[in-house]
4 protein chains.
Amino acid sequence: MAGNSFGTVFTLTTFGESHGPALGGIIDGCPAGLKLDFEAIESEMQRRMPGQSNIVTQRKELDSIKFLSGIFEGITTGSPIGFIIENTDQKSPDYSHIKDTYRPSHADYTYDQKYGIRDYRGGGRSSARETACRVAAGAIAKQLLKQVKITAYVSSVGNLEVTKPYQELDFAEIEKNPVRCADPEIARQMEAYIKEVRKEGDTVGGSISCVIQNVPIGLGEPVFDKLHAQLGKAMLSINAVKGFEYGSGFAGTRLKGSEHNDLFNPDGSTKTNHSGGVQGGISNGEDIYFKVAFKPVATIMQKQETIDSDGKVVEMQGKGRHDPCVVPRAVPIVEAMAALVVADFYLLNQLSKL
Amino acid sequence: MAGNSFGTVFTLTTFGESHGPALGGIIDGCPAGLKLDFEAIESEMQRRMPGQSNIVTQRKELDSIKFLSGIFEGITTGSPIGFIIENTDQKSPDYSHIKDTYRPSHADYTYDQKYGIRDYRGGGRSSARETACRVAAGAIAKQLLKQVKITAYVSSVGNLEVTKPYQELDFAEIEKNPVRCADPEIARQMEAYIKEVRKEGDTVGGSISCVIQNVPIGLGEPVFDKLHAQLGKAMLSINAVKGFEYGSGFAGTRLKGSEHNDLFNPDGSTKTNHSGGVQGGISNGEDIYFKVAFKPVATIMQKQETIDSDGKVVEMQGKGRHDPCVVPRAVPIVEAMAALVVADFYLLNQLSKL
Amino acid sequence: MAGNSFGTVFTLTTFGESHGPALGGIIDGCPAGLKLDFEAIESEMQRRMPGQSNIVTQRKELDSIKFLSGIFEGITTGSPIGFIIENTDQKSPDYSHIKDTYRPSHADYTYDQKYGIRDYRGGGRSSARETACRVAAGAIAKQLLKQVKITAYVSSVGNLEVTKPYQELDFAEIEKNPVRCADPEIARQMEAYIKEVRKEGDTVGGSISCVIQNVPIGLGEPVFDKLHAQLGKAMLSINAVKGFEYGSGFAGTRLKGSEHNDLFNPDGSTKTNHSGGVQGGISNGEDIYFKVAFKPVATIMQKQETIDSDGKVVEMQGKGRHDPCVVPRAVPIVEAMAALVVADFYLLNQLSKL
Amino acid sequence: MAGNSFGTVFTLTTFGESHGPALGGIIDGCPAGLKLDFEAIESEMQRRMPGQSNIVTQRKELDSIKFLSGIFEGITTGSPIGFIIENTDQKSPDYSHIKDTYRPSHADYTYDQKYGIRDYRGGGRSSARETACRVAAGAIAKQLLKQVKITAYVSSVGNLEVTKPYQELDFAEIEKNPVRCADPEIARQMEAYIKEVRKEGDTVGGSISCVIQNVPIGLGEPVFDKLHAQLGKAMLSINAVKGFEYGSGFAGTRLKGSEHNDLFNPDGSTKTNHSGGVQGGISNGEDIYFKVAFKPVATIMQKQETIDSDGKVVEMQGKGRHDPCVVPRAVPIVEAMAALVVADFYLLNQLSKL
């Protein structure tokens, strides 16, 4: 496969560029008999949509999803679920200036080098608009995983960090602030900071934490498709992601085994959870938690020197409406990718033993 | 696939438990016509082997590799390359004590839960001995990628860290010290610290940095199989890994776009390399660099409380010869997995354009 | 994958039911830089369309294809090519009578048993309408294989058979008659016979022969993905197909080795071609030829006894406009599937040797 | 994958050449908890072995299988099952004469063209010896499918054919005669004929029929991975196979719909079974039956003109001990491949509905 499919038995294949007639995808391997809650799907789509608050891009994209197959009278049939998300405004007046120019830290140069041709309108295939399809598929995966609870939230923006462990946070706060930070006090600071950065015509990075609760024991397929390895790939495949850690993560490298080991309770649960819910690549029933690093958005509203396709140095400046910070809108994407991973392993695990 | 295969066109499938008659694997998709340097392969195997220095386990494993197919008169034929690594000493006198006991932070409990049965001898399939097969395959991948240079080194042990950027290090130092640290001064400190930890019967975590140089432009398959996403999965699939970051990584989340963007030189190279050699999931010709976090080894020589398979609390203590710190021996594994990823994308990229 | 994808590197994934809003698919792995001839694609679609002559169904389906991605200014970009074919008339007045009834020799019963739910309108996912997507993708594969010539024709209808070997036929005749038979005299007899069968409210089977010329040497991936094995799977995956043979086929079982062996000419070509252009699963540069058996269409305009979903015996009769013989319209489908197979192996073979 | 893997979740990957140190394979995806009957496996291996009767090759190959992993105390653990079959006599004195010569209707020429290098000893990778690995894996698949009964038998040799339908045959006869023909009278004629052909230094083709009974309803994954499509591919991937038909097959093309349709009994079974147990690509619970065409073995003991790798015409004659007719020894291979297909779909079908 040429990179546009994800999953082993519950699979998503996506297509589409930011300024083509439509994006879309095919979900294959969703078991028959799942009654879909379409409002829940639409609600996930809206969490990712531009224009939802004053700290994200004010671009208008109506991410209304149209299901074309695989569902009959509201229930999945076991046939592939095709869907499209139309690009209602395909005109690209804003992008002619980048036709022959490579934006710094974008994919313009690498796409041109790899393919010898590039749909330059709005980033084409490399646009984060593609993630709308992931959110749609993830919303269905979530419904397949009724008992599992997947919660992501912004845990840092620039140097502003949530320092409390997730157990001390009230997840109900997340959707109450535009940053989607689980700590309301830090959220206010983040919001102010993002506005300030935007005023400078600049952007800033951040990180998202995610917790998966009530995961059945046994998910993950050693040795290469360990649960956390597939989660890591899923997250790293999201635009702008630079790092992934789970459980004790990078901080765990500083610990000794005697500090890090998770001792058992008699029921098989563990007294601590440095393992992050995964041991030997397989879920152990404890909470899975991980953190994802996002770099600052590359499109800034400041002048930058760059080159055109002839290697000539030119000056450019971002136009249009872009996110000063990507993490608030990436929260539902992180959840969606997590759901796709867990759903796939949930199904695969049905085949682990007689 | 049930998790034991890696790669799309250059693939490795492995089998084997730490105390069965042999481990082994099949490399499929290696192009015909590659003249193999068997000494180079053997030399990689020896870098991973136990007993090579006084800071790693003194266990004796003769990781001699036997190629069974796919090679004729020293040259690959395009047919699958089967190989085995015999377990010369299959007796398991040391492991009877864990037959019914779940070692903390090992895979004993999760394997039992997932499969309902477990080869308890030495960790069975979950043993890091499986990575010997990866090193063998990676050594062949390296030979396929003649012009690419892959260098990994230990960059932290506990709180001892290499702070110099890789450009200021002399990679020739790496194999000169038993820790495989590129900074000789820090290496000495690390070695002393590991010995101290071992004396306590404890273990400690660490991290490995890796640099891939001379990578052709265009490797990586968006959108799900981005080069860094597959690298991340590859690293996270190695035993004990808890995190992965590339380029600016987690630190990059603190930067602004104006600081983070890599401006172009007229020849398409970039003035800085926060991108870590990958933009939009595709290599841009700059150095690829990343860091991998390893937790402390779970087997410690101290008494720990744990449970047996009936949920009864028992006391246990590690026996035998284990690594006090895994990172020195993991260096060739990191390189091998990196080589597998790059070789696969190198071949796939032949098909990107007419 | 749950069965809706075909191919290894040049892949097609399809979705869609006969009476949903649209069918469609994603072609992934088509190299960038292919200038598409859209008229040629449309022309293939029309060859499959109902209503094109008086011996096929008079049902109206406007199989107009809409490309949604992966093409920029008429040229493939290396990104996935998404496309849809809208079902212009989604109303299903004709199908309510089969809602709870299992049509004999259709997929109604097996879909219900497998999935527990069934989109009964027009056969749903099991409808041959799905093959429209294959024809679309095959048309692009044909354009990728510029030098290869793929020609299918009807070689039997009921007992009426083309007995001349393909070398003695004029392929220019095929599109001149509504049966798509390469022998004009037999074509007339077939046409008359099909009309007669239709008058009886009955249907009849037939077979299609296909010849692939100018195939590069070296296509096919032993041992499981032999060129003819994948061709066979491709053909058997078409609705109503019951058999596949290539080269000497079933008749070859009667021969002796001394009669069957294809002796070489000094240039590597062979004096005879019982091998059908494939030796050891790899193309040898000779013509590939094969034959595909189609059963009679199951929907007949005669009364038949059958059962409903409660196991009650009921009487039913086909309604609507159905094909009395499927082979004329299946000719472009056979060609399309052949093109998909050859294109995939053509790309894979780029990776066979250094 | 480069063609050496088969299956989606229950997978077999094989390696090995006829004259290397060993052949072998990895079975991945076999559920844990299957208690293996090793005698049954060995017995399948012996059915395929050379030298078992006076009408097959008298070559000595001790196909003793060595399992290396994935099995603990006789029970599968869910980890990959690695195995090897050593080539006890690796010396190749008989093959030097074909080093630079292309045997007619063998894979010598195509392998050389595809890979630019060829292990010429005994056919190398293209040797039917590879099928020993399939028989081993198929034997395990059979044990997974306890209730399913898979029976293959020789149904024709040259012009000698079993004309009785399988329902009238006594399968207990099959292993009683060296031809493995289910009709003892025809078996005697076949045996005599094969001896005669061998005396002429010639070979002859034949066909194998196979019946799969007690198949659960619901196996097969539309649309591309239809049960019979995958069966067809499996059979066509066996050396020397030229055709595959199931159910009414090629003869069914002559029938009308009113004759061919399988009418239902109230319990969902059908009064006739032209469908061959598969409707819409999914098993319907009736017997699956199919027929496989084998060409005559290419190696004959007569002089033939051929060419060497320089295109020079040379004369050659088969040496050594070869089968005058391949079908008796191919019977267990057909069964094994059928078992692999059914086992894979059996597991996949667990995921079809909630």
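In every chain, residue numbers begin from 1 and rise along the written sequence. Lettering of chains starts at A and numbering of ligands starts at 1, both following the order in which they are written. Given that this is a predicted model, residues contribute local features only at a pLDDT of at least 70 and side-chain atom pairs are listed and counted only at 80 or more, while totals for whole chains, interfaces and linings are drawn from all residues. Excluding hydrogens and water, the side-chain values take into account all heavy atoms of the structure.

**Student:** Quick question: what am I supposed to make of the pattern of salt bridges here?
**Tutor:** When the charged atoms of two side chains lie near each other, side chains of opposite charge can form a pair. A pairing counts as a salt bridge when a side-chain nitrogen of Lys or Arg comes within 4 Å of a carboxyl oxygen of Asp or Glu. Scanning the model with the defined rule gives 81 salt bridges over all chains in all. The closest approach of N and O atoms between Asp119 of chain B and Arg121 of chain B, which form a salt bridge, is 2.9 Å. Taken as a pair, Asp119 of chain B and Arg121 of chain B share a single burial class, namely buried. One salt bridge in this structure joins Asp323 of chain B and Arg329 of chain B, with 2.5 Å as the shortest N-O distance. Its relative accessible area of 9% is what places Asp323 of chain B among the buried residues. Three labels apply to residues, based on accessible area from a 1.4 Å probe with only protein chains included: buried if under 20% of the type maximum, exposed if over 50%, partly exposed otherwise in between. Assessed through its relative accessible area of 8%, Arg329 of chain B is described here as buried. Put simply, Glu44, Arg47, Lys142, Glu175, Arg180 and Glu335 of chain A are held in one network by salt bridges that share partners.

**Student:** Which parts of the structure should I look at to understand the sheet that holds strand β3 (residues 22–28) of chain D?
**Tutor:** All names here are of chain D. In short, DSSP must find at least two bridges between two strands for them to pair. Helix and strand definitions follow DSSP, with helices as H or I runs of at least four residues and strands as E runs of at least two, each counted in order from the N terminus. Reading across the sheet, the five strands line up as β1-β2-β3-β7-β4 and stay open at both edges, with antiparallel pairing between neighbours. Of all strands in the sheet, those bounded by a partner on one side alone are β1 (5–6) and β4 (65–67). With five bridges joining them, strand β2 (residues 11–15) and β3 adopt antiparallel strand pairing. Its bridge partner being in β3, Phe15 is matched across the sheet by Gly24.

**Student:** Even after reading the chapter, I still don't get the relation of the copies chain D and chain B, so can you show me in this structure?
**Tutor:** Between the two copies of this chain, the relationship is a rotation about some axis together with a displacement along it. Taken as rigid bodies, chain D and chain B are interconverted by a rotation of 180 degrees and an axial shift of 0.0 Å, the fit giving an RMSD of 0.0 Å. Both copies of the chain, as the preceding transformation shows, are related through a two-fold rotation axis. Any pair of residues with heavy atoms lying within 4.5 Å of one another is described as a contacting pair. When the interface residues of chain D are mapped onto chain B, 100% of them again fall at the interface, so both copies present the same face. A least-squares superposition brings the copies together, and it is based on the C-alpha atoms of residues with pLDDT no lower than 70 in both.

**Student:** I would appreciate a short explanation of helix α1 (residues 38–48) of chain B in the present structure.
**Tutor:** Helical geometry: 3.6 residues make up each α-helical turn, so side chains three or four residues apart lie on a common side. Residue and element names in this part refer to chain B. What α1 keeps buried is the set Ile41, Glu44, Met45, Arg47 and Arg48. Axial view of α1: buried residues confined to an arc of 155 degrees, hence all on one face. Buried residues along α1 sit against β4 (65–67), β7 (81–86), α3 (131–144) and α7 (327–348). With a side-chain oxygen lying 3.1 Å from the backbone nitrogen of Glu39, the N-terminal cap of α1 falls on Asp37. The arc in question is formed by the directions pointing from the helix axis toward the C-beta atoms. Pairing of N or O atoms within 3.5 Å defines a polar contact, subject to two protein rules: one partner must be a possible hydrogen donor and the other a possible acceptor, and residues neighboring in sequence count only if both atoms are side-chain atoms.

**Student:** Mind showing me how you'd approach the packing of aromatic side chains here?
**Tutor:** Given two aromatic rings, their pairing is described by the distance between the two centres and the angle made by the two planes. Only Phe, Tyr and Trp rings take part, Trp by its six-membered ring, and two of them pair if their centres are within 6.5 Å. Stacked means planes under 30 degrees apart, edge-to-face means over 60, and tilted covers everything else. Taken as a whole, this structure holds 50 aromatic pairs over all chains when the rule is applied. For the ring pair Phe244 of chain A and Phe290 of chain A, a centre distance of 5.4 Å and an interplane angle of 40 degrees mean the geometry is tilted. Remark: Phe290 of chain A occurs in strand β15 (residues 288–294) and Phe244 of chain A occurs in strand β12 (residues 241–246); sequence separation between them is 46 residues. Relative accessible area serves as the criterion here: at 3%, Phe290 of chain A is assigned to the buried category. Pairing Tyr153 of chain D with Phe171 of chain D gives two aromatic rings, centres 5.9 Å apart and planes at 35 degrees, and the pair type is tilted. Separated by 18 residues along the polypeptide, Tyr153 of chain D in strand β9 (residues 149–157) and Phe171 of chain D in the loop between β10 (160–161) and α4 (184–199) bring together distant segments of the chain. Looking at Phe171 of chain D, the relative accessible area reads 17%, which means it is buried. Within the aromatic cluster, the residues linked to one another by ring pairs are Phe38, Phe67 and Phe83 of chain A.

**Student:** Mind showing me how you'd approach the interface of chain B and chain A here?
**Tutor:** Often, the extent of an interface is quoted as the loss of accessible area on bringing the components together. Counting from both sides, the interface comprises 110 residues of chain B and, opposite them, 110 residues of chain A. Looking at the side of chain B facing chain A, the largest losses of area belong to Lys114, Phe224 and Lys242 of chain B, adding up to 11% of the total buried there. Counting across the chain B and chain A interface gives eight salt bridges. Ionic pairing is found between Lys233 of chain A and Asp225 of chain B, a salt bridge with its closest N-O pair at 2.7 Å. Note on terms: buried area is the combined drop in 1.4 Å-probe accessible area of two parts once they are placed together, counting the loss on both.

**Student:** Can you help me understand the side chain of Thr131 of chain B in this one?
**Tutor:** Residues and elements named next belong to chain B. Position of Thr131 relative to the elements: it lies in helix α3. For Thr131, a relative accessible area of 1% gives the class buried. A distance of 2.5 Å separates a polar side-chain atom of Thr131 from the backbone oxygen of Ala128. Sequence-distant contacts of Thr131, that is, excluding residues within four places in its chain, are made with Arg48, Asn239 and Ile333.

**Student:** In this structure, what is going on with the relation of the copies chain B and chain A? I would like to understand it.
**Tutor:** Take chain B, turn it by 180 degrees, move it 0.0 Å along the axis, and it overlays chain A with an RMSD of 0.0 Å. The overlap is high: 100% of the interface residues of chain B also sit at the interface in chain A, so the same surface is used on both sides.

**Student:** Sorry if this is basic, but what is going on with helix α2 (residues 108–115) of chain B here?
**Tutor:** Of all eight residues that make up α2 of chain B, six are buried, and the element is covered over most of its length. Three or more residues of α2 of chain B are buried, namely Asp108, Tyr109, Thr110, Tyr111, Lys114 and Tyr115 of chain B.

**Student:** I keep staring at the pairing of strand β2 (residues 11–15) of chain A and nothing clicks. Help me out?
**Tutor:** Successive side chains on a regular strand alternate, one facing one side of the sheet and the next facing the other. Residue and element names in this part refer to chain A. In terms of burial, β2 is a largely internal element, five of the five residues being buried. Residues of β2 alternate between two faces, with Thr11, Thr13 and Phe15 on one and Leu12 and Thr14 on the opposite face, all of them buried. Taken together, the two bridges between strand β1 (residues 5–6) and β2 define a ladder with antiparallel strand orientation. The partner of Ser5 across the bridge, within β2, is Thr13. Between β1 and β2, which pair antiparallel and follow one another directly, the connecting turn spans four residues, one of which, Gly7, has a positive phi of 105 degrees. Taking the residues that link successive antiparallel strands as the turn, the β2-strand β3 (residues 22–28) hairpin has six residues, and the phi of Gly16 there is positive, at about 120 degrees.

**Student:** Before we go on, may I ask you to explain the nonpolar core in this structure?
**Tutor:** As a rule of thumb, nonpolar side chains are buried together in soluble globular proteins. Within the largest apolar cluster, 368 residues are counted, with the highest numbers of intra-cluster contacts made by Phe290 of chain A, Phe290 of chain B, Phe290 of chain C together with Phe290 of chain D. Apart from the residues lying within four places of it in its own chain, the contact partners of Phe290 of chain B are Ile208, Ser209, Cys210, Ile212, Leu231, Met235, Phe244, Glu245, Tyr246, Val334 and Ala338 of chain B. To qualify as a nonpolar core, a set must consist of buried Ala, Val, Leu, Ile, Met, Phe, Trp, Tyr and Cys residues joined through side-chain atoms within 4.5 Å.

**Student:** What am I meant to see in the interface of chain D and chain B here?
**Tutor:** Contact residues are listed per partner, giving 42 residues for chain D and 42 residues for chain B. Between chain D and chain B, roughly 3,200 Å² of surface is buried when both sides are summed, and carbon and sulfur atoms account for 68% of that area. Across the chain D-chain B interface, the total number found is four residue pairs in polar contact (both at pLDDT 80 or more). For the side of chain D that touches chain B, the elements supplying multiple residues, two or more each, are β2, β3, β6 (75–76), β7 (81–86) and α2 (108–115) of chain D. Split by residue class, the side of chain D that touches chain B holds 17 nonpolar, 18 polar and seven charged. Asp, Glu, Lys and Arg are counted as charged, while Ala, Val, Leu, Ile, Met, Phe, Trp, Tyr, Cys and Pro are counted as nonpolar; the rest, among them Gly, fall into the polar class.

**Student:** Looking at this model, I keep getting lost on the side chain of Thr14 of chain B. Mind explaining?
**Tutor:** Mapped onto the secondary structure, Thr14 of chain B falls in strand β2 (residues 11–15). Of note is the side chain of Thr14 of chain B, whose polar atom sits 2.8 Å from the side chain of Arg125 of chain B. Engagement of the side chain of Thr14 of chain B in a polar contact is seen with the side chain of Glu130 of chain B, the distance being 3.0 Å. Excluding residues that lie within four positions of it along the chain, Thr14 of chain B makes contacts with Val223 and Phe224 of chain A, Asn4, Gly24, Gly25, Arg125, Glu130 and Cys133 of chain B together with Ile26 and Pro80 of chain D.

**Student:** Could you clarify how one ought to interpret the packing of α1 of chain B against α7 of chain B in this entry?
**Tutor:** Two numbers describe a pair of packed helices, the interaxial angle and the distance between the axes. Residues and elements named next belong to chain B. For helices, the fitted line uses only the C-alpha atoms of the stretch in contact; every axis is such a line through C-alpha atoms, and the angle between N-to-C directions lies from 0 to 180 degrees. It is at 7 Å that the axes of α1 and α7 come closest, and there the two elements cross at 140 degrees. In terms of orientation, α1 lies oblique with respect to α7. Here Glu44, Arg47 and Arg48 of α1 come into contact with α7, specifically with Arg329, Val331, Pro332, Ile333 and Glu335. The scheme is simple: roughly parallel for angles under 35 degrees, roughly antiparallel for over 145, roughly perpendicular for 65 to 115, oblique for anything else.

**Student:** It is not clear to me how the pairing of strand β3 (residues 22–28) of chain B should be interpreted in this structure. Could you clarify?
**Tutor:** Residues and elements named next belong to chain B. Of all the seven residues making up β3, seven are buried; the element is thus mostly covered by neighbouring parts of the structure. Every second residue of β3 is oriented toward a common face, with Ala22, Gly24, Ile26 and Asp28 on one face and Leu23, Gly25 and Ile27 on the other, all of them buried. Sheet topology places β3 next to β7; six bridges connect them, and they run antiparallel. Residue pairing across strands places Leu23 opposite Ile85, the latter belonging to β7.

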